[in-house]
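Survey of secondary and tertiary structure
What follows is the residue order along each chain.
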Amino acid sequence: MSQYSDFARILDEAAQRAQAVAQFDPEGAMPLAEAYEVQRASIRCRLARGEKRVGIKMGFTSRAKMLQMGLSDVIWGRLTSGMLIEEGSTVEFSRYIHPRVEPELAFVLREPLCGQVTAARALAAVEAIAPALEIIDSRYQDFKFSLPEVIADNASSSGFVIGPWQDPHQDFSNLGLTLSIDGRTVQVGSTAALLGHPLRSLVAAARLAELADEPLQAGWIVMAGGATPAEWIRPGQYVSVEMERLGRTGFHVGD
Ligand code: OOG
Ligand code: MG
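Predicted, not measured: the structure shown is a model, and the values here were computed from it. Per chain, the residues get numbers from 1 upward, laid out in the order the sequence is written. Each chain takes a letter, starting from A, and each ligand takes a number, starting from 1, following the order in which they are written. Reporting of local features is limited, given that this is a predicted model, to residues whose pLDDT is at least 70; pairs of side-chain atoms are given and counted only at 80 or more, and all residues count toward the totals for whole chains, interfaces and linings. Only hydrogens and water are removed before side-chain values are computed, so all heavy atoms of the structure are retained for them.

1. Examining the overall build of the chain
- Helix and strand definitions here come from DSSP, where helices need a minimum of 4 consecutive H or I residues and strands a minimum of 2 consecutive E residues; each element is numbered from the N-terminal end. Of the regular secondary structure elements, the chain holds six helices and 13 strands.
- Here the globule rule reads 2.2 Å times residues to the power 0.38, and the radius of gyration is calculated from C-alpha atoms. The globule rule puts the C-alpha radius of gyration for 255 residues at 18 Å, and the 17 Å found for the chain is close to it.
- In terms of overall dimensions, the chain has C-alpha extents of about 50 × 45 × 35 Å along its principal axes.
- Buried residues are those whose accessible area, probed at 1.4 Å on protein chains only, stays under 20% of the maximum for their type, while exposed residues exceed 50% and partly exposed ones sit between those limits. Burial statistics for the chain: of 255 residues in total, 55% are counted as buried.
- Two residues form a contact once any of their heavy atoms are found within 4.5 Å. Counting contacts in the chain only where the partners sit at least 6 residues apart, residues at least 24 apart contribute 76% of the total.
- With residues, only the protein chains shown are counted as cover, and all accessible areas are computed by Shrake-Rupley using a 1.4 Å probe. Of the roughly 10,500 Å² of accessible surface on the chain, a fraction of 50% belongs to carbon and sulfur atoms.
- Of the charged side chains in the chain, 24 are positive and 31 negative; the average position of the first set lies 0 Å away from that of the second. For the purpose of counting charges, residues Lys and Arg are taken to be positive, whereas Asp and Glu are taken to be negative. His and the chain ends are not included. By convention, the point assigned to a charge is CZ for Arg, NZ for Lys, CD for Glu and CG for Asp.

2. Focus: the sheet that holds strand β4 (residues 90-91)
- Strand order across the open sheet formed by five strands is β4-β13-β12-β8-β9, with mixed pairing between neighbours. Pairing within the sheet leaves two strands with one partner each, and these edge strands are β4 and β9 (184-190).
- A pair of strands is considered paired only if DSSP assigns at least 2 bridges between the two. Of the strand pairs in this sheet, strand β8 (residues 176-181) and β9 are connected by six bridges, and their pairing is antiparallel. The residue bridging Ser180 from the neighbouring strand is Thr185, located in β9.

3. Describing the coordination of the magnesium ion (ligand 2)
- For the magnesium ion (ligand 2), the full set of protein donor atoms is Glu102 (OE), Glu104 (OE) and Glu134 (OE), and the range of their distances to it is 1.9 to 2.0 Å.
- Here the coordinating atoms are restricted to nitrogen, oxygen and sulfur within 2.8 Å of the metal centre, or 3.2 Å for Na, K and Ca, and because water is not among them the sites may look incomplete. Mapping the donors of the magnesium ion (ligand 2) onto the primary sequence yields the spacing E-x1-E-x29-E. You can see Glu104 sitting in strand β5 (residues 100-109) and its partner Glu134 sitting in strand β6 (residues 126-136), a full 30 residues away along the chain.
- A relative accessible area of 1% means that Glu134 is categorised as buried.

4. A short note on unusual backbone geometry
- The backbone of Ala18 sits at a positive phi, close to 55°, despite the residue not being glycine.
- Of note, Ala18 is situated in the loop between α1 (2-17) and α2 (32-48).
- Of note in the backbone geometry, Leu195 takes a positive phi value of approximately 55° without being a glycine.
- The class of Leu195 is partly exposed, set by a relative accessible area of 30%.

5. Thoughts on the pattern of salt bridges
- Between Lys or Arg on one side and Asp or Glu on the other, a salt bridge is scored when a side-chain nitrogen of the former is within 4 Å of a carboxyl oxygen of the latter. Considering all chains together, one arrives at 15 salt bridges under this definition.
- Two residues, Glu214 and Arg53, come together in a salt bridge whose shortest N-O distance is 2.7 Å. Within this pair, whereas Glu214 is found in the loop between α6 (198-211) and β10 (221-223), its partner Arg53 is found in strand β1 (residues 53-59), the two being separated by 161 residues in sequence.
- Between Glu111 and Arg121 there is a salt bridge, and its shortest N-O distance comes to 3.1 Å. Of this pair, Glu111 sits in the loop between β5 and α4 (119-124) while Arg121 sits in helix α4; the two residues are ten residues apart in sequence, bridging distant segments of the chain.
- Relative accessible area serves as the criterion here: at 30%, Glu111 is assigned to the partly exposed category.
- Each of Glu37, Arg40, Arg53, Arg78 and Glu214 takes part in salt bridges that share partners, so that together they form one network.

6. Quick notes on the site of ligand 1
- One heavy atom suffices: a residue is near a molecule or strand as soon as one of its heavy atoms comes within 4 Å of it. Close to ligand 1 lie 17 residues; Lys57, Phe60, Lys65, Ser156 and Gly226 are nearest.
- What qualifies as a polar contact is a pair of N or O atoms within 3.5 Å, subject to a donor-acceptor requirement within protein and to the restriction that residues adjacent in sequence count only when both atoms come from side chains. Between ligand 1 and the protein, one listed contact pairs an oxygen atom with a backbone N or O atom of Phe60 at 2.7 Å.
- One of the backbone nitrogen or oxygen atoms of Gly226 is found 2.7 Å away from an oxygen atom of ligand 1.
- Burial of ligand 1 by the protein chains amounts to 100% of its free accessible area of 320 Å².
- Here ligand 1 occupies the largest cavity.
- Tallying contributions element by element places β1 first for the shell around ligand 1, with three residues. Throughout, the protein atoms alone are placed on a 1 Å grid, and a set of points is a cavity if a 1.4 Å probe fits but cannot get out or a pocket if it is open with protein on both sides within 12 Å along at least five of seven lines; lining residues have an atom within 4 Å of a point. A cavity or pocket is said to hold a molecule if more than half of that molecule's atoms lie within 2 Å of its grid points.

See below:
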C-alpha cells in the first residue's frame with residue numbers, strides 16, 4: 001500500500017510543480033491492477049485539495065494514438081474539476097512540463113452507466129455530445145513511459161476543453177474533424193478512428209468503470225480518446241478543433 005502512495009505522491013507533485021520525473025518501471029513489470037491503484041491514490045491527493053471528480057477519460061482508443069505512443073491497450077484515467085479549461089480561455093504554459101493537445105469527442109451522461117452494456121444502452125445514457133480537446137502532459141521525462149507507468153500517471157491527463165453540447169441523437173459515427181494551431185490545420189481525422197464508433201469508447205468506459213468499482217455517474221463527462229496523433233503546443237498559440245456538424249472549440253496558450 002505504501003509503495004502505491006509513494007509513487008502516487010511523486011506523480012502528483014510532478015504535476016503540481018510541472019517538473020518531469022524519471023520512469024520507475026520502464027520495462028512495464030508492474031501489474032496493471034497495481035498501476036490503477038497508484039492512479040487512484042494520486043487522484044486522492046487532488047480530491048484532498050478540494051478538486052471534484054467530474055468524469056473519466058479514455059486513452060489509446062484510436063490506432064493513430066496507439067502508433068504514436070507505441071502502446072496498444074485501451075486505458076483510462078480520472079477527470080477532476082481542476083483539469084477543466086473554459087473554452088476560449090488562456091492556459092498558462094508554465095503549468096505544464098511538455099504539453100501536447102489532441103482532438104476528442106466528449107459525452108456527458110444523463111444517467112449512471114456501468115458494466116457490460118450494448119451501444120444502444122450506452123447511447124440511452126448520453127445527455128449530449130461535444131467536440132473537445134485534451135491537453136496531455138506526461139509527468140515522465142521525454143514523454144516516455146511503459147503501459148503501467150502511463151496508467152499510474154492518470155493516462156497523462158492534464159486538461160480538457162469542451163465545445164458546444166449537441167443532441168446525441170444523430171449519426172456521429174464518422175464525423176470529419178480538424179485540429180488547428182493558429183488557424184493552420186495540423187491534423188485531420190474522423191470520429192470513426194475511435195474504435196470504429198465513439199460509442200464503443202463509452203461502452204469500454206462502462207466496462208472498465210465496473211472493474212474499478214466506480215460506476216459512471218449522471219453528469220459525468222467521458223472523453224472518448226484522441227482521434228489523431230497529439231501535437232506539441234507552445235506559448236502564444238491558439239489551438240482549436242472543428243468537428244463536422246458539431247461545431248468548434250479552442251483555447252489560447254499563455255506564457
Ligand atoms: C497517453 C494518453 C492517451 C488518448 O486520447 O489516447 C490519450 C498519452 O498519449 O500520453 O489520452
Ligand atoms: Mg486523450
